[in-house]
There are 2 protein chains.
Amino acid sequence: MKRNTRQRDAIRQVFDDERDPLSPQEVLDRSQTHCPGLGIATVYRNVKALVDEGWLVAVLVPGEPDRYELAGKVHHHHFQCRACGGLFDIDGCVAGLDGMVPSGFQLDGHELTLYGRCARCA
Amino acid sequence: MKRNTRQRDAIRQVFDDERDPLSPQEVLDRSQTHCPGLGIATVYRNVKALVDEGWLVAVLVPGEPDRYELAGKVHHHHFQCRACGGLFDIDGCVAGLDGMVPSGFQLDGHELTLYGRCARCA
DNA sequence: ATAGATGCAAAGGGTTTGCACTTGA
DNA sequence: TCAAGTGCAAACCCTTTGCATCTAT
């Protein structure tokens, strides 16, 4: 991915405009506004390339298609609405993780996903 | 799922014998020892039924296919080893989750996965 | 006997890939 | 120009579903 294409620019623009993690399909929907005819395969190829070059990071939500968001954010977690399925960034983190790890285990990271209802669906 | 079939018994047996969370394919592999000819569709149907009746619970690991384990364990989370891929039960939980939720959001559950190296791989 | 459960294969949904065409540099 | 990038459709993988057959009760 060395060239600047209309499609690639549209995809990057989508992530610049959106703060919350997006699935490939959501990226496609938003991108097509500024780049009609864009194909889902191109979204997948570009998202993968953008992750490889460190511009995006994957947000892995259990049981959901993978989503992506801009890299470089401060440490945070996510909240998924059980009603609309939307994913929202949650600031802050929890403490006490070290105390949960069995002796001999080395902790180097964690993923936390909160579930419930978002403000609109509640 | 109101009847006791050979297939259903074999599937339950697998979960009784295994403590670790299993994917549908792993359940199939183990079940076929005691029930040759068992189909993957039957595994999916029975696992789903066993979850619905509360005998199994889904273990959602980000980026991994869903796994299932016996219900009734005390609330716990999981540790995944980055080296061997193994999943380990982690006792305990974290506090302060309510404070992380934006106003208007309703929290009703959470998933926490720790990453690092298990005692054997460390 | 008969509704429930199974096995197979086909259908779905999301993701990847092959290939001819388009396009940025 | 001409290889990188795209669009389309087919291929894949995992999961679900339709349907004829089998079976627990």
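Notes on the structure in this doc start here. (Residues numbered from 1 in each chain as written. Chains lettered and ligands numbered in written order. Predicted model: local features only at pLDDT ≥ 70, side-chain atom pairs only at ≥ 80, totals over all residues. Heavy atoms only, no water.)

## Regarding the interface of chain A and chain B
Thought 1: If you look at the interface, chain A gives 35 residues, while chain B gives 37 residues.
Thought 2: Carbon and sulfur atoms supply 68% of the area that chain A and chain B bury against each other, a total of about 2800 Å² over both sides.
Thought 3: Scanning the region where chain A abuts chain B turns up two salt bridges.
Thought 4: Across the pair arginine 82 of chain B and aspartate 108 of chain A runs a salt bridge whose closest N-O atoms are separated by 2.8 Å.
Thought 5: For the pair chain A and chain B, the number of links is 10 residue pairs in polar contact (both at pLDDT 80 or more).
Thought 6: Looking at the side of chain A that touches chain B, the elements that each hand over two or more residues are β3 (76-81), β4 (87-91) and β5 (106-117) of chain A.
Thought 7: In terms of residue count, β5 of chain A provides more of the side of chain A that touches chain B than any other element does, 12 residues in total.
Thought 8: Of the residues that constitute the side of chain A that touches chain B, the class distribution is 20 nonpolar, 10 polar and five charged. (Contact = heavy atoms within 4.5 Å. Buried area = accessible area lost by both parts, 1.4 Å probe. Salt bridge = Lys/Arg side-chain N within 4 Å of Asp/Glu carboxyl O. Polar contact = N/O pair within 3.5 Å; in protein donor to acceptor, adjacent residues only side chain to side chain. Helix = DSSP H or I, 4+ residues; strand = E, 2+ residues; numbered from the N terminus. Nonpolar A, V, L, I, M, F, W, Y, C, P; charged D, E, K, R; others polar.)

## Some remarks on the relation of the copies chain A and chain B
Thought 1: Overlaying chain A with chain B gives an RMSD of 1.4 Å, the required rotation being 178 degrees about an axis along which the chain moves by 0.3 Å. Look at the turn and shift together and you get a two-fold axis relating the two. The position closest to the rotation axis in chain A is occupied by the C-alpha of proline 62 of chain A, lying 1.8 Å away.
Thought 2: Looking at chain A, 100% of its interface residues are interface residues in chain B too, so the copies touch through the same face. (Least-squares fit on C-alpha atoms with pLDDT ≥ 70 in both.)

## Topic: the side chain of arginine 67 of chain B
Thought 1: Locating arginine 67 of chain B in the fold gives a position in strand β2 (residues 67-70).
Thought 2: Beyond its immediate sequence surroundings of up to four residues, arginine 67 of chain B is in contact with Pro21, Leu22, Ser23, Val57, Ala58, Val59 and Leu87 of chain B.

## Quick word on the pattern of salt bridges
Between side chains of opposite charge, a pair can form when the charged atoms approach closely.
Residues and elements named next belong to chain A.
Thought 1: Inspection of the entire model under this criterion finds 13 salt bridges over all chains.
Thought 2: Among the salt bridges present, the one from arginine 12 reaches aspartate 9, with a minimum N-O distance of 3.2 Å. Of this pair, arginine 12 and aspartate 9 both sit in helix α1 (residues 6-17), three residues apart, which is roughly one turn of the helix.
Thought 3: Note on aspartate 9: relative accessible area 37%, which makes it partly exposed. (Buried < 20%, exposed > 50% of the residue type's maximum accessible area, 1.4 Å probe, protein only.)

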